[in-house]
Amino acid sequence: MNRQHAPWRHASTVAAVVALAAALLSPLAAAEEKRPHIVIFLADDLGWKDVGYHGGEIRTPNLDRLAAAGARLEQFYVQPVCSPTRSSLLTGRYPIRQGLQVGVIRPWASYGLPLEERTLADALRSAGYRTAIVGKWHLGLHDPKYLPTRRGFDHQYGHYCGALDYFTHKRDGGLDWHRDDRALREEGYTTTLIGREAARLIREHDTSKPLFLYVAFNAPHTPLQAPQEYLDRYSHIERPRRRKFAAMVACLDDAVGVVTAEIDRRGMKRDTLVFFSSDNGGASGAQGADNGPLRGRKGTLYEGGVRVPAFVSWPARLDAGRVVETPIHIVDIYPTLIRLAGGSLEQKLSLDGVDVWPAISKGAPSPRKEILHNLEPRRAAIRSGEWKLVVQGPLDAADRRVELFRIPADPYEKKDLASEHPEKVRELLKRLEHYASEAVPPKGGRGRKPRDFRTPKVWGEHDEAGGG
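In this report, we go over the structure that sits alongside the text. (Residues numbered from 1 in each chain as written. Predicted model: local features only at pLDDT ≥ 70, side-chain atom pairs only at ≥ 80, totals over all residues. Heavy atoms only, no water.)

This brings us to helix H2 (residues 61-69). Among the residues making up H2, those that are buried are Asn 62, Leu 63, Leu 66 and Ala 67. Burial along H2 is one-sided: seen end-on, the buried residues are contained in an arc of 130 degrees. Packed against the buried residues of H2 are strand E2 (71-73), helix H7 (240-265), strand E11 (272-278) and strand E12 (310-313). (Buried < 20%, exposed > 50% of the residue type's maximum accessible area, 1.4 Å probe, protein only. Helix = DSSP H or I, 4+ residues; strand = E, 2+ residues; numbered from the N terminus. Arc of directions from axis to C-beta. Contact = heavy atoms within 4.5 Å.)

When you line up the elements, His 373 lands in strand E15 (residues 370-376). Those residues in contact with His 373 that lie beyond four places of it in its chain are Tyr 77, Gln 79, Pro 80, Leu 301, Glu 303, Val 306, Ala 381, Ile 382, Arg 383 and Lys 388.

The next point concerns the pairing of strand E17 (residues 387-392). Among the six residues that make up E17, five are buried, leaving the element largely enclosed by the rest of the structure. Looking at chain direction, strand E16 (residues 379-384) and E17 are connected through six bridges and run antiparallel. Bridge assignment links Arg 379 to a residue of E17, and that residue is Gln 392. Linking E16 back to E17 in an antiparallel pair, the connection comprises two residues, with Gly 385 at a positive phi of about 60 degrees. Across six bridges, the pairing between E17 and strand E18 (residues 401-406) is antiparallel. Within E18, the residue paired with Leu 389 across the bridge is Leu 404. (Pairing = 2+ DSSP bridges.)

On to the layout of surface pockets. For the second largest pocket, the calculated volume is near 200 Å³. Together, 14 residues line the second largest pocket, and Leu 66, Thr 260, Asp 264, Lys 269 and Ser 313 are the ones closest to its centre. Mapped onto the lining of the second largest pocket, the elements with two or more residues apiece are H2, H7 and E11. Ranked by residue count, the leading element in the lining of the second largest pocket is H7, at five residues. (1 Å grid on protein atoms, 1.4 Å probe; cavity = no way out; pocket = protein on both sides within 12 Å on 5 of 7 lines; lining within 4 Å. Points joined across faces, edges and corners; volume = space filled by probe spheres on them.)

Our focus in this paragraph is the state of the cysteines. Counting across every chain of the model gives zero disulfides. Residue Cys 82 stays outside any disulfide, its sulfur separated by 11 Å from that of Cys 161, the closest cysteine. Taking relative accessible area as the criterion, Cys 82 reaches 3% and is therefore assigned buried. (Disulfide = S-S within 2.5 Å.)

It is worth spelling out the pairing of E12 at this point. With burial as the criterion, each face of E12 is covered, one bearing Ala 310 and Val 312 and the other bearing Phe 311 and Ser 313. Where E2 and E12 come together, two bridges link them in antiparallel fashion. From the neighbouring strand, Arg 72 faces E12, where its bridge partner is Phe 311.

Taking 1.5 Å of rise per residue, 26 residues should cover 38 Å, and H7 covers 37 Å from first to last C-alpha, within 8% of that figure. Gly 267 sits one or two positions beyond H7 and adopts a positive phi of about 75 degrees. (Expected span 1.5 Å × (residues − 1).)

Attention now moves to the sheet that holds strand E9 (residues 182-183). Taking strand neighbours across the sheet as the criterion, the ten strands line up as E9-E8-E5-E4-E10-E1-E11-E12-E2-E13 in an open arrangement whose pairing is mixed. Lying at the two open borders of the sheet, with one neighbouring strand each, are E9 and strand E13 (322-324). Running at roughly 60 degrees to E12, H2 makes contact with E2, E11 and E12 of the sheet. (Axes fitted to C-alpha atoms, helices over the stretch in contact; angles between N-to-C directions.)

Pro 220 follows Ala 219 through a cis peptide bond whose omega is 0 degrees. With respect to the helices and strands, the residue Pro 220 is situated in the loop between strand E10 (211-216) and helix H6 (228-233). Positioned with a positive phi, Ala 163 is a non-glycine residue whose angle comes to about 60 degrees. Considering the arrangement of structural elements, one finds Ala 163 in the loop between strand E5 (155-159) and strand E6 (170-171). A positive phi angle, close to 50 degrees, is found at Asp 180, a residue other than glycine. Tracing the backbone through its elements, the reader meets Asp 180 in the loop between strand E8 (178-179) and E9. Residue Asp 180 is classed as partly exposed on the basis of its relative accessible area, which comes to 35%.

When you line up the elements, Thr 336 lands in helix H9 (residues 333-340). Taking the relative accessible area as the measure of exposure, Thr 336 reaches 4% and is therefore buried. Aside from chain neighbours lying at most four places away, what touches Thr 336 is Val 354, Asp 355, Val 356 and Trp 357.

Structural data, given as structure tokens:
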């Protein structure tokens with residue numbers, strides 16, 4: 001029967017049934033579709049074995065508890081150093097797209113995260129979230145347009161540079177501590193202050209509106225400094241640098257506990273998605289970190305440089321005790337969180353990240369087929385399925401060195417299979433050449449401070465001599 005000519009009585013009956021079904025199902029649907037509060041904890045230079053749940057000697061009860069309550073991401077990858085990882089997290093795009101693939105953004109650099117990039121904070125604020133960054137920025141400060149409150153964050157607290165003093169909050173003699181992009185002079189150890197500020201924001205948050213809180217610790221990055229009470233906890237560790245490093249991690253764990261305790265107190269625990277990761281592998285050896293059996297360290301393209309402890313917890317939607325072995329890259333966090341938040345992924349710049357929530361929450365096959373670990377002028381690495389290729393030297397150099405590993409069978413990269421599988425080497429080299437054809441030339445690197453550069457009294461204040 002044509003619906004236009006259906007009897008009104010029949011139409012009313014159908015409408016009533018539909019309305020009743022909607023009424024019965026709406027609480028379930030609402031619970032299923034409720035947008036989470038999102039809290040990201042990012043550690044700085046934390047090694048694979050520097051968390052308790054990986055069997056390390058450092059006690060991290062708060063991180064361990066969160067990891068056990070959700071999904072441990074046991075093949076989670078980041079960039080080999082700080083700024084590129086942070087750009088990847090906030091844009092869902094590899095740093096080769098932004099010229100950020102080499103080194104970090106130095107305090108005196110005249111560039112930052114390109115202004116045409118849409119950030120995770122931009123996307124979530126457009127979706128109705130209150131957005132805040134607490135801690136380390138490290139994505140540019142030479143011009144006010146590059147600062148966090150111009151990049152989608154409603155609130156900012158912390159520092160712009162890396163390697164600041166934990167007690168004086170200075171970098172090279174200039175103050176690097178700010179609230180809402182204005183200089184802030186206060187006493188305290190940065191890790192403790194970061195945890196305290198994040199907890200304050202949660203305590204004062206109107207829970208009728210979703211919150212995106214990015215908590216970016218500078219710990220346990222150098223300089224190795226810690227309050228005496230934390231050093232006393234690890235007095236049994238003989239190596240002084242390792243003792244300081246352990247104390248710094250313990251303080252970070254306590255700060256995470258302060259934040260999560262406030263989440264619990266506000267009744268937000270069930271509806272809060274917590275994501276944790278390190279920004280790169282640990283700076284092992286003299287700088288104190290421990291990557292366990294993984295090969296390499298911070299700054300390398302081996303597993304110890306790019307594979308880090310990571311987990312996701314969300315009691316409302318994620319079962320406890322999950323262990324996810326699917327390879328995931330930090331660029332995937334951007335589209336995954338935006339979709340969970342009900343935001344839009346329509347944008348001018350194409351994404352490298354993919355939505356991996358079904359893989360995390362249900363064990364579904366991941367759309368992630370390969371990972372570009374990095375592509376630099378003189379080295380590169382890529383993983384495709386179970387295979388990983390590491391190249392030392394320019395891609396087109398006759399004397400380049402290639403290594404091929406089968407990661408699931410050889411996670412510690414001990415057996416080079418390049419001579420046994422030349423066809424796989426050629427295949428992965430072609431993929432690297434493809435990325436090279438799309439890469440933006442690197443904007444910086446390990447550059448030294450220019451001789452004529454004068455450290456400003458306050459980093460990021462652009463009326464200061466030296467340009468901030």
